[in-house]
Amino acid sequence: MSERWGTAPEGPVDRYVLTNGSGMRVAVLTYGGIVQSVEVPDRAGVTANVVLGFDRLQGYLDNPGPYFGALIGRYGNRIARGRFELDGTTHELPINNGPNSLHGGATGFDQRIWSATGTDDSVELRLVSPDGDQGYPGVLTVTVRYTLTAGNALRIDYEATTDAPTVVNLTNHSYFNLGGEGSGDIYGHRVRLHATHFTPVGPDLIPTGDLLPVARTPMDFREPVAVGERIRTGDDQLSHAGGYDHNWIIDRPESGLNTAAEVTDPVSGRTLTVSTTEPGLQFYSGNFLDGTVIGTSGRLYRQGDGLALETQHFPDSPNRPAFPSTVLRPGETYRSTTVWQFGVDRRDEVLIDGAELHDRLAGPDAPVVLDVRWALGDPHGAEHYRAGHIPGAVYVDLESELAGPVAPGTGRHPLPDLEKFQADVRRWGVTRRGGVVVYDNSGGLAAARAWWLLRWAGVTDVRILDGGLAAWAADGHSQATGETPPHPASDIVLEPGRLPTLDADEAAELARTGTLIDARAAERYRGEVEPIDPRAGHIPGAVSRPTADNLVGDRFLATDALRARFAGLTGPVGVYCGSGVTAAHEIAALAVVGIDAALYPGSWSQWSSDPDRPAGTGPLP
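Below or above, wherever it landed, is the structure these notes cover. (Residues numbered from 1 in each chain as written. Predicted model: local features only at pLDDT ≥ 70, side-chain atom pairs only at ≥ 80, totals over all residues. Heavy atoms only, no water.)

### Quick word on the overall build of the chain
Here is step 1 of the chain: A count of helical and extended segments in the chain gives 14 helices and 41 strands.
Here is step 2 of the chain: Computed over C-alpha atoms, the radius of gyration of the chain comes to 28 Å, within 12% of the 25 Å expected from 2.2 N^0.38 for 621 residues, which places it in the range of a compact globule.
Here is step 3 of the chain: Per element, the accessible surface of the chain, about 24,300 Å² overall, is 51% carbon and sulfur.
Here is step 4 of the chain: Within the chain, one finds 51 positive and 78 negative side-chain charges whose respective centroids are separated by 1 Å. (Helix = DSSP H or I, 4+ residues; strand = E, 2+ residues; numbered from the N terminus. Rg over C-alpha atoms; globule rule 2.2 N^0.38 Å. Areas by Shrake-Rupley, 256 points an atom, 1.4 Å probe, with all protein chains shown as cover. Lys, Arg positive; Asp, Glu negative; His and termini not counted. Charge placed at Lys NZ, Arg CZ, Asp CG, Glu CD.)

### Quick word on the sheet that holds strand E4 (residues 35-41)
Here is step 1 of the chain: In spatial order, the strands read E1-E2-E3-E4-E5; together these five strands make up an open sheet with antiparallel pairing. Both outer strands of the open sheet, strand E1 (2-8) and strand E5 (47-49), are each paired with one neighbouring strand and no more. Adjacent strand axes in the sheet meet at a mean angle of 20 degrees, parallel and antiparallel pairs treated alike. (Pairing = 2+ DSSP bridges. Axes fitted to C-alpha atoms, helices over the stretch in contact; angles between N-to-C directions.)

### Focus on the packing of aromatic side chains
Here is step 1 of the chain: All told, the structure shown has 22 aromatic pairs when counted by the stated rule.
Here is step 2 of the chain: Taking the centre distance of 5.8 Å and the plane angle of 50 degrees together, the rings of Trp248 and Phe283 count as tilted. In this pair, Trp248 is assigned in strand E22 (residues 245-250) and Phe283 in strand E25 (residues 280-284), connecting sequence segments 35 residues apart.
Here is step 3 of the chain: A connected cluster of aromatic rings, assembled from ring pairs, spans Trp5, Phe54, Tyr60, Phe68, Tyr175, Tyr284, Phe288 and Tyr301.
Here is step 4 of the chain: Above the face of the Phe221 ring, Arg230 is positioned so that its terminal group lies 5.2 Å from the ring centre.
Here is step 5 of the chain: Above the plane of the ring of Trp607 lies Arg613, whose end atom (NZ or CZ) is 5.0 Å from the centre. (Phe/Tyr/Trp six-rings, centres within 6.5 Å; stacked < 30°, edge-to-face > 60°. Lys NZ or Arg CZ within 6 Å of the ring centre and 35° of its normal.)

### Remarks on a negative patch on the surface
Here is step 1 of the chain: A surface patch of like charges, here negative, comprises Asp348, Asp353, Asp359 and Asp475.
Here is step 2 of the chain: By the element assignment, Asp475 lies in the loop between helix H9 (468-474) and helix H10 (504-513). (Patch = residues over 30% accessible without salt bridge, like charges linked within 9 Å, V, L, I, M, F, W, Y side chains within 5 Å. Salt bridge = Lys/Arg side-chain N within 4 Å of Asp/Glu carboxyl O.)

### What about unusual backbone geometry?
Here is step 1 of the chain: Following Gly73, the chain continues to Arg74 via a peptide bond in cis, the omega torsion being 0 degrees.
Here is step 2 of the chain: Position of Arg74 relative to the elements: it lies in the loop between strand E6 (71-72) and strand E7 (78-79).
Here is step 3 of the chain: Phi at Arg81 is positive, roughly 60 degrees, even though this residue is not glycine.
Here is step 4 of the chain: Within the fold, Arg81 resides in the loop between E7 and strand E8 (83-86).

### Some details on the pattern of salt bridges
Here is step 1 of the chain: Tallied over the entire structure, the rule returns 35 salt bridges.
Here is step 2 of the chain: As a salt-bridge pair, Arg4 and Asp14 come within 2.6 Å of each other at their nearest N and O atoms. Of this pair, Arg4 sits in strand E1 while Asp14 sits in strand E2 (residues 11-19), and the two are 10 residues apart along the sequence.
Here is step 3 of the chain: Asp518 is paired through a salt bridge with Arg520; the nearest N and O atoms lie 2.7 Å apart.
Here is step 4 of the chain: Residue Asp518 is classed as buried on the basis of its relative accessible area, which comes to 0%.
Here is step 5 of the chain: Take Arg520: its relative accessible area is 4%, and that puts it in the buried class.
Here is step 6 of the chain: Here the salt bridges do not stand alone but share partners, grouping Arg412, Asp518, Arg520, Arg524, Glu530 and Asp533 into one network. (Buried < 20%, exposed > 50% of the residue type's maximum accessible area, 1.4 Å probe, protein only.)

### Remarks on the layout of surface pockets
Here is step 1 of the chain: Estimates place the volume of the largest pocket at around 1,200 Å³.
Here is step 2 of the chain: Around the largest pocket, the lining comprises 40 residues; the ones closest to its centre are Gly151, Gln341, Phe342, Leu569 and Ile595.
Here is step 3 of the chain: Mapped onto the lining of the largest pocket, the elements with two or more residues apiece are E4, strand E14 (153-162), strand E23 (258-264), strand E24 (270-276), strand E30 (334-344) and helix H12 (559-565).
Here is step 4 of the chain: Its residues assigned to classes, the lining of the largest pocket shows 16 nonpolar, 16 polar and eight charged. (1 Å grid on protein atoms, 1.4 Å probe; cavity = no way out; pocket = protein on both sides within 12 Å on 5 of 7 lines; lining within 4 Å. Points joined across faces, edges and corners; volume = space filled by probe spheres on them. Nonpolar A, V, L, I, M, F, W, Y, C, P; charged D, E, K, R; others polar.)

### Remarks on the pairing of strand E35 (residues 462-465)
Walk down a regular strand and you will see the side chains alternate between the two sheet faces.
Here is step 1 of the chain: The side-chain alternation of E35 yields two buried faces, one formed by Val462 and Ile464 and the other by Arg463 and Leu465.
Here is step 2 of the chain: Pairing geometry for strand E31 (residues 351-352) and E35, over two bridges, is parallel. Bridging across to E35, Leu351 finds its partner in Ile464.
Here is step 3 of the chain: Taken together, strand E34 (residues 436-439), helix H8 (residues 447-456) and E35 form a β-α-β motif whose crossover is right-handed. (Right-handed = clockwise from strand over helix to strand, strands pointing away.)

### A look at empty space enclosed by the protein
Here is step 1 of the chain: The final tally for this structure, using the stated rule, is three cavities of 30 Å³ or more.
Here is step 2 of the chain: Its volume calculated, the largest cavity comes out at about 70 Å³.
Here is step 3 of the chain: Lining the largest cavity are Tyr31, Ile34, Phe54, Tyr60, Asn63, Pro64, Tyr67, Phe68, Ala70, Asp110 and Gln111.
Here is step 4 of the chain: For the lining of the largest cavity, the residue count by class is eight nonpolar, two polar and one charged.

### Comments concerning the nonpolar core
Here is step 1 of the chain: Residues Tyr146, Trp248, Phe283 and Phe342 are the most contacted members of the largest nonpolar core, which totals 58 residues.
Here is step 2 of the chain: The dominant element in this core, judged by the number of residues it contributes, is strand E13 (residues 140-148), at five residues.
Here is step 3 of the chain: If we skip the residues at most four places from it in the chain, Trp248 touches Leu193, Ala195, His197, Phe198, Val214, Met219, Phe221, Pro279, Gly280, Leu281 and Phe283.
Here is step 4 of the chain: In terms of nonpolar packing, the next biggest core, distinct from the first, is built from 55 residues, Val459, Leu499, Phe556 and Ala584 among them. (Core = buried A, V, L, I, M, F, W, Y, C linked by side-chain atoms within 4.5 Å. Contact = heavy atoms within 4.5 Å.)

### Section: the side chain of Ser285
Here is step 1 of the chain: Looking at the secondary structure, you find Ser285 in the loop between E25 and strand E26 (293-294).
Here is step 2 of the chain: For Ser285, a relative accessible area of 0% translates into the label buried.
Here is step 3 of the chain: For Ser285, the residues in contact, after removing those within four places along its chain, are Ile186, Val227, Ile231, Gly243, Tyr244, Gly304, Gly306 and Leu307.

### Examining the side chain of Asp42
Here is step 1 of the chain: By the secondary structure assignment, Asp42 is in the loop between E4 and E5.
Here is step 2 of the chain: One buried charged residue, Asp42, forms no salt bridge at all, with the nearest opposite charge on Arg270 at 4.2 Å.
Here is step 3 of the chain: Reaching out from Asp42, the side chain makes a polar contact with the backbone nitrogen of Ala44 at a distance of 2.9 Å.
Here is step 4 of the chain: Ignoring sequence-local partners within four residues, the contact set of Asp42 consists of Ser268, Arg270 and Val344. (Polar contact = N/O pair within 3.5 Å; in protein donor to acceptor, adjacent residues only side chain to side chain.)

### Regarding the packing of H8 against helix H13 (residues 583-592)
Here is step 1 of the chain: Two elements in contact, H8 and H13, have axes separated by 8 Å at closest approach and are oriented at 70 degrees. Considering the angle they form, H8 stands roughly perpendicular to H13. Classified by chirality, the crossing of H13 by H8 is left-handed. Residues Ala448, Arg449, Trp451 and Trp452 of H8 touch H13, and the partners they reach there are Ala584, His585, Ile587, Ala588 and Ala591.
Here is step 2 of the chain: Here the contact of H8 with H13 is composed, by residue class, of seven nonpolar, one polar and one charged. (Parallel < 35°, antiparallel > 145°, perpendicular 65-115°, else oblique. Left-handed = near helix turned anticlockwise from the far one by under 90°.)

This is the structure in structure tokens:
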């Protein structure tokens, strides 16, 4: 959808609004190719705009300097002293940033009106930059396509050709605040950069030419770090830029798109993962926002109110032969792709660690703790419980309390009888408003069944102890032995159906129209072995994602690793396993990264017992 958004001195400006069916909305202007807004939901489903900018065209006309959301060209970042030599000819550029030329010169691509064509989920922009434009040689023809995916990613594809040798370094200069535009600073955002080296700068913010390791410096974001944690240290690099305004050299383990950066706002739960084909990333912490500009929401933008992640070749590359080349010649095509993948981090809603549980147990609002000591048919769960458990924990038997009686055609672990399950939940002491923590011996495969069932039945605050009893013991916390006195019985009334489920026909349909995950071991999916159920194989169309791959040791993978594991899932998602138990673990892992999934409770044990149901074998096509 497009609409007339105003008129610049060069002509009319349109706004294209891209939407998907997943709650995301992006607005792009033909003026400057500006990303004017990006609306995405938080962990509670509340949508907010997460990029800085203006609500009227005049704001961009009056304030070009911050480059809010703009396409940058011909050359993103700084070129020293506004000059470079190419094929023996020196080219002079406008000086617009101290002694240097920045972002293509005084009138770069950010201040041009681009021609555009669009659909509901994409817009393609085109610009022809004449020979000599801002001092750059050659006629440069540029195409940029913004595409919004169903999975809440915005993909930016750049292409350019020239009729004479020139230099090109295109990027987008959006400022992100995942808490919401105008909500405050980004110093609490946690940033991870996939980079072991960076290009240090001098006082003029031009790279020195060195490639330095980030280790033991404030530039080390190899693990997530809050932006503000080290920004005010006395490091010379931070002093030069007034914060972060540096190029990191992206670790590129493979060709094509590689993950460059991950950002999480702990308050809203929103996440952003940036992937790119570029070799560098300029991380800028909004150091020059000074409180003089009023943004989209009517609030002043102050220092640190947004951060930019500009995918790029390195600054001043035309003057640094050792840097990756930015030269484009006739007959060649410049191509670059960057993807902004938005999501939510619900880890704290799904998992709890031993230290937090220990503290909560000592407080006034201690949760009910359930010990689900069952794994792969172990008949001695109660004995293990009596030998050692978390103080106050109530023993829960998976076979008799978290599953119903087996009957022909139900599968091996059908959903429990609701009346009996409600009686059990009341006996455990679970209340409507109180918290519940579930654990098993280690990896959470059995505990996740209790987590899913309670959530399905309407208990909202349920978490899995990450690492289980093994992690609790490894952290040095005490254990109790024998039986735990019963909690006071509750009068909770369960409300089943709060999490989605599938029957066999719905699972078959989802395998065709969305993503149906088989959470069993890969060899069972391929049909190579089947130790329990009537037939080997998998539901046709299902994809293999073994539950064991959610873990590193006894604990869930880090959130970014889980996000990478589930990248590329399309449409609605459903999960099954052998009997409907460990599939809950897969659903918990998906929930950590904000993906809701339905459970097929009958799972393969039910499906394979019906001779009329087809079975697939072999690896994924």
